[in-house]
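Chain and residue survey
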Amino acid sequence: MSSREKMPIYRIAAEDLETYVTAIVRAMGSDEREAGLVVRHLMEANLTGHDSHGISMLPSYKRSIDDGNLKLGGAPKVLKDSGPVMLFDGENRYGQMVAHVVTEKAIERAREHGFAIVGLRNAHHIGRIGHWGGMCAAAGLISIHYVNGTAAMFVAPHGGSDRRFLTNPYCTAIPGMDGQPPVVLDMATSQIAMGKVRVAYHGGNEVPDGSLIDHQGRATNNPAVMYEAPFGALLPIGGHKGYGLAMICDLLAGSLTGGGSNLPERNMKNNIINNMLMIVLRPDLFDETDQVLADMNAFRSHVQASPAAPGVEAVLVPGDPERNTRAERLRDGVPIDGGTWDEVAAVARAVGVAVPNKPEPL
Ligand SMILES: NC(=O)c1ccc[n+]([C@@H]2O[C@H](COP(=O)([O-])OP(=O)(O)OC[C@H]3O[C@@H](n4cnc5c(N)ncnc54)[C@H](O)[C@@H]3O)[C@@H](O)[C@H]2O)c1
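Residues numbered from 1 in each chain as written. Predicted model: local features only at pLDDT ≥ 70, side-chain atom pairs only at ≥ 80, totals over all residues. Heavy atoms only, no water.

Close to the ligand lie 23 residues; Asp186, Ala188, Lys196, Gly319 and Glu322 are nearest. Between the ligand and histidine 53 there is a distance of 3.2 Å, counted from a nitrogen atom to a side-chain nitrogen or oxygen. Between the ligand and the protein, one listed contact pairs an oxygen atom with a side-chain N or O atom of lysine 196 at 2.9 Å. When the ligand is considered free in solution it has 860 Å² of accessible area, and contact with the protein chains removes 78% of it. For the shell around the ligand, the secondary-structure elements that each account for two or more residues are strand E7 (183-188) and helix H9 (320-332). Examining the composition of the shell around the ligand, we find that 5 residues originate from one element, E7, more than from any other. (Near = heavy atom within 4 Å. Polar contact = N/O pair within 3.5 Å; in protein donor to acceptor, adjacent residues only side chain to side chain. Areas by Shrake-Rupley, 256 points an atom, 1.4 Å probe, with all protein chains shown as cover. Helix = DSSP H or I, 4+ residues; strand = E, 2+ residues; numbered from the N terminus.)

Taken domain by domain, the protein chain consists of domain 1 (75-188 + 238-284 + 291-305) and domain 2 (191-235). Each of domain 1 and domain 2 has a C-alpha centre, and these two points are 25 Å apart. If you look at the interface, domain 1 gives 10 residues, while domain 2 gives 13 residues. Together, the buried faces of domain 1 and domain 2 total about 750 Å²; carbon and sulfur atoms form 61% of this surface. Inspection of the region where domain 1 meets domain 2 yields 0 salt bridges. (Domains from an automatic or database assignment. Contact = heavy atoms within 4.5 Å. Buried area = accessible area lost by both parts, 1.4 Å probe. Salt bridge = Lys/Arg side-chain N within 4 Å of Asp/Glu carboxyl O.)

Within this structure, the stated rule accounts for 0 disulfides. Free cysteine cysteine 136: the closest other cysteine sulfur is in cysteine 171, separated by 8.5 Å. Taking relative accessible area as the criterion, cysteine 136 reaches 0% and is therefore assigned buried. (Disulfide = S-S within 2.5 Å. Buried < 20%, exposed > 50% of the residue type's maximum accessible area, 1.4 Å probe, protein only.)

Here it is, written out as structure tokens:
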């Protein structure tokens, strides 16, 4: 581990954090609607426990705006529109805005046709993919999302020792029925999301075993290998299987949509570009009764009834950890590490927003 200090953690009420972050995003140049979409997404990421995709992204967004790599305002451009098939170009606009518009369209078309296949290319960072899966599930639809990124290379292929992929996330969301919450599997194809390495680095913490290799391909827990030369790499989840899924994300979200796979010539410093392929399905696509969702819910209950292993409270389903953390953080406030607090405060000062007093550290 490097000699970096362990950072204090502050806990701030969600509504106070939202007010502060909204002022920053507005001062960075977004109109009210765009700021609302961006801030809602960042807040939901923090509330659901994915701090790496929350307000800690603001310094990077600010750099991208300053470099002209993140365009403000506007809307995604429609490149193809033929019933259930649509393709959009995000034109480097805020991913939280363009992915919202594109997901709304995908929902509309899937409702109409039973399914929708929608591509989004060249969006600036679209954040937590579960946000978009959750939107579809809330509309009663099933959704499958493959995402790649052409910002940089972070993840080594299985059997390799240097970086070839971004952390290419995959998500599938299944709506619940009869009061059951949705199942939302939303995951990076790397052992941990790059943002979690950043949070660990800023927090002075180690990353879990099996997440990273150093520049010689040796296992390490030190997040500094992703920030300080000589650089190491993240490992894919599940060995060859996660590596395969990461590759599929580049081929479907990148090559198929035309946004491009993560070839080195597409890497842009300080700029996170995401492409996404969405497949959205009405649950009654093959069977117009409620049987499909009823069976899904029965299966979910069957799986959850497995007796918990020693040291585990209960079997959860994908999406449960986020729901539980959200309830806790809405009640107790959102924890922000000292490094993130200071970096966001620097952005606030740069755009003329008053920085609130630091809450007491935990
Ligand atoms: N935009 C991008 O380029 C990009 C890149 C990578 C990751 N991301 C986002 O980063 C976020 C974090 O990804 P991650 O892989 O670190 O997530 P994670 O490992 O925390 O969770 C992955 C999935 O596992 C589920 N899960 C966790 N613990 C569980 C348990 N005990 N039982 C059952 N299910 C459980 C979660 O609900 C989630 O669906 C995601 O929202 C992802 O979309 C975005």
